[in-house]
Amino acid sequence: MPVRLHVNVDHVATLRQQRGTPYPDPVEAAVFCEQAGADGITVHLREDRRHIQERDVELLRALCKTLLNLEMAATDAMVAFAERIKPDIVTLVPENREEQTTEGGLDVVANREKIGEIKARLAEAGIQLSVFIEPDEAQIQAACELGVDTIELHTGDYCTADDDEAVESELERLAAAAKLAVSLEPDLTLAAGHGLNARNIPDLVTAVPELDELNIGHALISDALFSGLTDTVDRYRAAIEAGESER
Ligand code: PXP
């Protein structure tokens, strides 16, 4: 199965919120991405509502034809929102008020009980659960023990590595994490994301053959300013295929 491309449209909403205008609309962007062949749409409804709004998620739930992945903090209010909207999958992420973007993965080891409770509530509502974690053995073991449907590996350190040795070492860390996850839970869906772009996708996809999907936002939306969403989605898919062909 080819690696799936899920587009995160948060930063279309960032531009809209910056002026308080009705445009550009992340829901419209999601429709373009789906028409261009994206396999899923991802949005992060943050506690401070700095980009995506509840209205966006409600409309996306009605319009999304592929798969809707709602990233959110592990709070009761967000779980109640997810139970009402019923995205296909919820990805739990850590959230700090001051951060510019998600910094690091969720601590599943420390929050095992809470995440277990959330998993049960979401399963009751027919929603799958993903956790966004560091490529770390203890985190992967804890996530697998909880029986999550998807693990999304944080690729931030790979994407910011600034010399060949560091890049190689991050790729090895991600590859080892993926192997461990799939050996513990063969039916697990393995995702990756954060900081990915058309240049760093191929090596990741080659190095981690267990990958099922990528979640990509900031770089893809930025590239679309110059090339349009349709061409950009095409280019990112070509980057995935280039990585697959080198395995
Ligand atoms: N995956 C998760 C869990 C995220 O929190 C984010 C950022 O919102 C992404 C993927 C996408 O990261 P980027 O915007 O750097 O592509």
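Shown above is the structure to which this text applies.
The rules behind each value
Residues numbered from 1 in each chain as written. Predicted model: local features only at pLDDT ≥ 70, side-chain atom pairs only at ≥ 80, totals over all residues. Heavy atoms only, no water. Near = heavy atom within 4 Å. Polar contact = N/O pair within 3.5 Å; in protein donor to acceptor, adjacent residues only side chain to side chain. Areas by Shrake-Rupley, 256 points an atom, 1.4 Å probe, with all protein chains shown as cover. Nonpolar A, V, L, I, M, F, W, Y, C, P; charged D, E, K, R; others polar. Buried < 20%, exposed > 50% of the residue type's maximum accessible area, 1.4 Å probe, protein only. Helix = DSSP H or I, 4+ residues; strand = E, 2+ residues; numbered from the N terminus. Contact = heavy atoms within 4.5 Å. Disulfide = S-S within 2.5 Å. Patch = residues over 30% accessible without salt bridge, like charges linked within 9 Å, V, L, I, M, F, W, Y side chains within 5 Å. Salt bridge = Lys/Arg side-chain N within 4 Å of Asp/Glu carboxyl O. Lys, Arg positive; Asp, Glu negative; His and termini not counted. Charge placed at Lys NZ, Arg CZ, Asp CG, Glu CD.

Draft legend 1. A look at the site of the ligand. Around the ligand, the structure places 13 residues, and the nearest of them are Thr-102, Glu-152, Gly-195, Gly-217 and His-218. Here a nitrogen atom of the ligand and a side-chain polar atom of Glu-152 are 2.5 Å apart. Burial of the ligand by the protein amounts to 95% of the accessible area it has alone, namely 390 Å². Taken together, the residues of the shell around the ligand break down into three nonpolar, seven polar and three charged.

Draft legend 2. Inspection of helix H10 (residues 218–227) at higher detail. Looking only at H10, the buried set comprises Ala-219, Leu-220, Ile-221, Asp-223 and Ala-224. At its buried positions, H10 is contacted by strand S1 (4–8), helix H1 (10–19), strand S8 (213–216) and helix H11 (229–245). Gly-228 occupies a position one or two residues after H10 and carries a positive phi of about 85 degrees.

Draft legend 3. Representation of the state of the cysteines in the model. By the definition in use, this model includes zero disulfides. You can see Cys-33 has no disulfide; the closest cysteine sulfur is in Cys-64, sitting 10 Å from it. With relative accessibility at 0%, the residue Cys-33 sits in the buried group.

Draft legend 4. Just a negative patch on the surface, in detail. There is a patch of like negative charges on the surface, built from Asp-162, Asp-163, Asp-164, Glu-165, Glu-168, Glu-172, Asp-203 and Glu-246. Among the elements that make up the negative patch, the one with the highest residue count is helix H8 (residues 164–184) (four residues). Relative to the assigned elements, Asp-203 resides in helix H9 (residues 201–207). Among the residues examined, Asp-203 registers a relative accessible area of 46% and is labelled partly exposed.

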